[in-house]
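Here's the letter readout for the chains.
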Amino acid sequence: MARIIVITSGKGGVGKTTTAAAMAMGLAQRGHRTVVIDFDVGLRNLDLIMGCERRVVFDFVNVINGEANLNQALIRDKRCDSLYVLPASQTRDKDALTQEGVGQVLEELGKGYDYIVCDSPAGIEHGATMAMYFADDAVVVTNPEVSSVRDSDRMLGILASKSRRAEAGEEPIKEHLLLTRYSAERVQRGEMLSVEDVQEILSLNLIGVIPESQAVLNASNAGIPVVLDTDSNAGKAYNDMVARYLGGDVPMRFLDAEKKGIFSRLFGG
């Protein structure tokens, strides 16, 4: 059976969809059959970031309602044969995601895939709780700011108490912390929480630190998961994150501000 990973956060705009796309692509590039599902019914952004928006014919809700089968709705990524996308509906209500329907889709996908990555909406709305309910692993995405960290702390309570695993008395969801939009320079100036500050509040296993980078926006606009931009710091950091998730011992990078040379210090470069 597939391992189900939910990408979640308490606050919007922290980089969940970017992370879901990057993680799914990273897993697939390493030879794991992977499907990434957009749970954000009504908005639907994952297909844009994956660059397959023009290929959407049927969606997640169509499959749940029996209007299409999975083979009709799944979109194979053109860059990686091991990766598929199941888009969300733009025209349905979030209540279209039923626990029974979602469970059946995940069970069917579990027979043919190694990993199912669930791109969750922010907060505790219906789509988010559906994405979290069936998870085996959770990547909690947060920015290094107080409100984002506080909201993520609330999500941990829901992951611990309202999941299928919690209801069945099974081993709890394995939780990981991903820190995005991190700027070591701003931490140094006291404008942003440090990695240590965030870990002290959330007490989670740190799976990665993604530096603030223009490459993330550029990749999203181009419909390319940023993990494929291996020249950028963000792309490298996402690749490191996937390697750590798979058990690799990869040191953290991009935690410290770059030291300026003497000419930069003298002339403000």
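Everything below is about the structure printed above this text.
Cut-offs and rules
- Residues numbered from 1 in each chain as written.
- Predicted model: local features only at pLDDT ≥ 70, side-chain atom pairs only at ≥ 80, totals over all residues.
- Heavy atoms only, no water.
- Buried < 20%, exposed > 50% of the residue type's maximum accessible area, 1.4 Å probe, protein only.
- Helix = DSSP H or I, 4+ residues; strand = E, 2+ residues; numbered from the N terminus.
- Contact = heavy atoms within 4.5 Å.
- Pairing = 2+ DSSP bridges.
- Axes fitted to C-alpha atoms, helices over the stretch in contact; angles between N-to-C directions.
- Phe/Tyr/Trp six-rings, centres within 6.5 Å; stacked < 30°, edge-to-face > 60°.

1. Things to note about helix H6 (residues 126–133)
Okay, step 1: Burial analysis of H6 places six of its eight residues in the buried class, which makes it a mostly covered element.
Okay, step 2: Every buried residue belonging to H6 is among Gly127, Ala128, Met130, Ala131, Met132 and Tyr133, and all of these are buried.
Okay, step 3: On its buried side, H6 packs onto strand S1 (3–8), helix H5 (99–110), strand S5 (115–119), helix H7 (146–161) and helix H8 (164–168).

2. Re the sheet that holds S5
Okay, step 1: Strand order in the open sheet formed by eight strands is S3-S4-S2-S5-S1-S6-S7-S8, and the pairing between neighbours is mixed. This sheet does not close on itself; its edge strands, each paired only once, are strand S3 (75–76) and strand S8 (205–211).
Okay, step 2: Alignment of strand S7 (residues 174–182) against S8, held across five bridges, turns out to be parallel. Residue pairing for S8: Leu177 is matched across the bridge by Leu206.
Okay, step 3: Running over the sheet, helix H12 (residues 233–245) touches S1, S5, strand S6 (137–142), S7 and S8 and is turned about 165 degrees from S8.

3. A few points about the pairing of S7
Okay, step 1: In the sheet, S6 pairs with S7 via six bridges, with the strands oriented parallel. Residue pairing for S7: Val141 is matched across the bridge by Leu178.

4. Quick word on unusual backbone geometry
Note: most peptide bonds trans; most residues except glycine with negative phi.
Okay, step 1: A positive phi angle, near 55 degrees, is found at Arg181, a position not held by glycine.
Okay, step 2: Residue position: Arg181 is located in strand S7.
Okay, step 3: At Phe254, a position not held by glycine, the phi torsion is positive, near 65 degrees.
Okay, step 4: Counting through the fold element by element, Phe254 comes out in the loop between H12 and helix H13 (262–267).

5. A word on the packing of aromatic side chains
Okay, step 1: Tallying each qualifying case throughout the model produces four aromatic pairs.
Okay, step 2: Relative to Phe60, the ring of Phe39 lies with its centre 5.1 Å away and its plane at 80 degrees, an arrangement referred to as edge-to-face. Placement of the pair is Phe39 in the loop between strand S2 (34–38) and helix H2 (46–49) and Phe60 in helix H3 (residues 60–64), with a sequence separation of 21 residues. Neither Phe39 nor Phe60 differs from the other in exposure class; each is buried.

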